[in-house]
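Remarks on the overall topology
Each chain is listed here by its residues.
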Amino acid sequence: EIIKKKNRELEQLSHVIQNVDNAVMIISPDGSIEWINDSFTKLYGYTLEEFTLGSGSIFSANTNKKVNRPLMKAIKTRRTLKYDVELTKKNGQKIWVKTTWTPIFDDTGKLSKYIGIDVDISRQKNVEEKLKHINKLSLGKNKLIKESIRNAKRIQKAILPSSNEINKHLTENFIFYKPKEIISGDFYWFEKPDEKLLFAVGDCTGHGVPGALLSVLCSNALTKAVKEYGMS
């Protein structure tokens, strides 16, 4: 009865493994390939005989170092190991798979088999690569934009009156100037026509580049007004 029960369990497990979409491989601790399911053949295009090339070893059947090295590590450490790797199908198509190697131990604690499960993650990897490319382009564009804004800051700073000039005429003063986005729509202005002191604080519409453009225009407009029309 115990044997019959175990056999039924094995049949059910075999049915499940045979019909899952993921590629499944069973190998011995020395790397001998014992079994692959139908999904393995569907995914890679190889039958068991074609994949092993008569050697029956996972190491000789697969010369990809990115596969063999982690597999050897899994066998050595006797622990479950997961990794992503790019492999080539029988028809030459490149695919990305997520591989999981799980050790199976017998009742005495001796390593008896390894089960490898491959999941096709090509679509996910393609999306990730596209996102990386988009992010790379965005970072490049952001860098150019920031450089342009920093140059605009230098221009804006050049039109603002210097602290030394203001301190000459107003001994007790302070200026709190903190742009929200590197450059500002706010500005301060100072002129000394006809022994008089003129000081203005301007708040232009907008922030960033639009506000900065207006601040330059308004500052120049005040200077021009004073020089052309005087104090009358």
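In this report, the structure presented in the accompanying data block is examined.

Conventions and cut-offs
Residues numbered from 1 in each chain as written. Predicted model: local features only at pLDDT ≥ 70, side-chain atom pairs only at ≥ 80, totals over all residues. Heavy atoms only, no water. Patch = residues over 30% accessible without salt bridge, like charges linked within 9 Å, V, L, I, M, F, W, Y side chains within 5 Å. Areas by Shrake-Rupley, 256 points an atom, 1.4 Å probe, with all protein chains shown as cover. Salt bridge = Lys/Arg side-chain N within 4 Å of Asp/Glu carboxyl O. Lys, Arg positive; Asp, Glu negative; His and termini not counted. Charge placed at Lys NZ, Arg CZ, Asp CG, Glu CD. Helix = DSSP H or I, 4+ residues; strand = E, 2+ residues; numbered from the N terminus. Buried < 20%, exposed > 50% of the residue type's maximum accessible area, 1.4 Å probe, protein only. Pairing = 2+ DSSP bridges. Axes fitted to C-alpha atoms, helices over the stretch in contact; angles between N-to-C directions. Contact = heavy atoms within 4.5 Å. Core = buried A, V, L, I, M, F, W, Y, C linked by side-chain atoms within 4.5 Å. Phe/Tyr/Trp six-rings, centres within 6.5 Å; stacked < 30°, edge-to-face > 60°. Lys NZ or Arg CZ within 6 Å of the ring centre and 35° of its normal. Polar contact = N/O pair within 3.5 Å; in protein donor to acceptor, adjacent residues only side chain to side chain. Expected span 1.5 Å × (residues − 1). Arc of directions from axis to C-beta.

1. Considerations on a positive patch on the surface
Side chains of K146, R150, K153, R154 and K157 sit close together on the surface and give a patch of like positive charge. Looking at the secondary structure, you find K157 in helix α6 (residues 122-159).

2. Some details on a nonpolar patch on the surface
Together, L170, I175, L197, F199 and V201 make up an exposed nonpolar region whose accessible area comes to about 420 Å². Relative to the assigned elements, L170 resides in the loop between α7 (163-169) and β6 (186-191). L170 sits in the partly exposed class, given a relative accessible area of 30%.

3. Observations concerning the sheet that holds strand β5 (residues 111-120)
Overall, antiparallel pairing links the five strands, which are arranged β2-β1-β5-β4-β3 in an open sheet. The two strands at the open ends of the sheet, each matched to only one other strand, are β2 (33-36) and β3 (81-88). Each neighbouring strand pair of the sheet contributes to a mean axis angle of 25°, computed without reference to strand direction. Sheet topology places strand β1 (residues 23-27) next to β5; five bridges connect them, and they run antiparallel. For A23, the partnering residue across the bridge sits in β5 and is D118.

4. Some words on the side chain of S184
Residue placement: S184 occurs in the loop between α7 and β6. Residue contacts for S184: discarding those within four places in its chain leaves Q156, Y177, P179, G211, A212 and S215.

5. Notes on the pattern of salt bridges
If the charged atoms of two oppositely charged side chains come close together, the side chains can form a pair. A full pass over the atoms with the stated rule returns seven salt bridges. With its nearest N and O atoms 2.9 Å apart, the salt bridge here joins D84 to K98. Of this pair, D84 sits in strand β3 while K98 sits in strand β4 (residues 94-105), placing them 14 residues apart in sequence. For D84, a relative accessible area of 33% gives the class partly exposed.

6. A few points about the nonpolar core
Nonpolar side chains in soluble globular proteins generally cluster together in the buried interior. Within the largest apolar cluster, 21 residues are counted, with the highest numbers of intra-cluster contacts made by M25, I27, Y44 and W101. Put simply, the parts of the chain that give this core at least two residues each are β1, β2, α2 (38-44), α5 (65-77), β3, β4 and β5. Once residues within four sequence positions are removed from consideration, Y44 is found in contact with A23, L87, K89, K90, I95, V97 and D118.

7. A closer look at the packing of aromatic side chains
Under the counting rule described, the total for this entry stands at three aromatic pairs. A ring pair is formed by F190 and F199, whose centres lie 6.4 Å apart and whose planes are at 55°; its orientation type is tilted. You can call F190 buried: its relative accessible area is 8%. Positioned above the aromatic ring of W96 is the side chain of K125, whose terminal nitrogen or guanidinium carbon lies 4.7 Å from the ring centre.

8. Structural notes on the environment of S184
For S184, a relative accessible area of 6% gives the class buried. Placed 19 residues apart in sequence, S184 and D203 show a C-alpha to C-alpha distance of 9.2 Å. At a separation of 2.8 Å, a polar atom in the side chain of S184 contacts the main-chain amide nitrogen of D186.

9. Section: helix α8 (residues 208-229)
Between the first and last C-alpha of α8 there are 31 Å, a value that for 22 residues agrees with the 32 Å anticipated at 1.5 Å per step. Those residues of α8 that sit buried are G208, G211, A212, S215, S219, T223 and V226. Taken end-on, α8 shows its buried residues confined to a sector of 105°, consistent with a single buried face. Every exposed residue of α8 that faces more than 90 degrees away from the buried side is listed here: L213, L217, K224, E228 and Y229.

10. Looking at the side chain of Q156
Its location among the elements puts Q156 in helix α6. Classification of Q156 as buried rests on a relative accessible area of 3%. If we ignore the near neighbours within four places in the chain, the residues touching Q156 are Y177, I183, S184, D186, A212 and S215.

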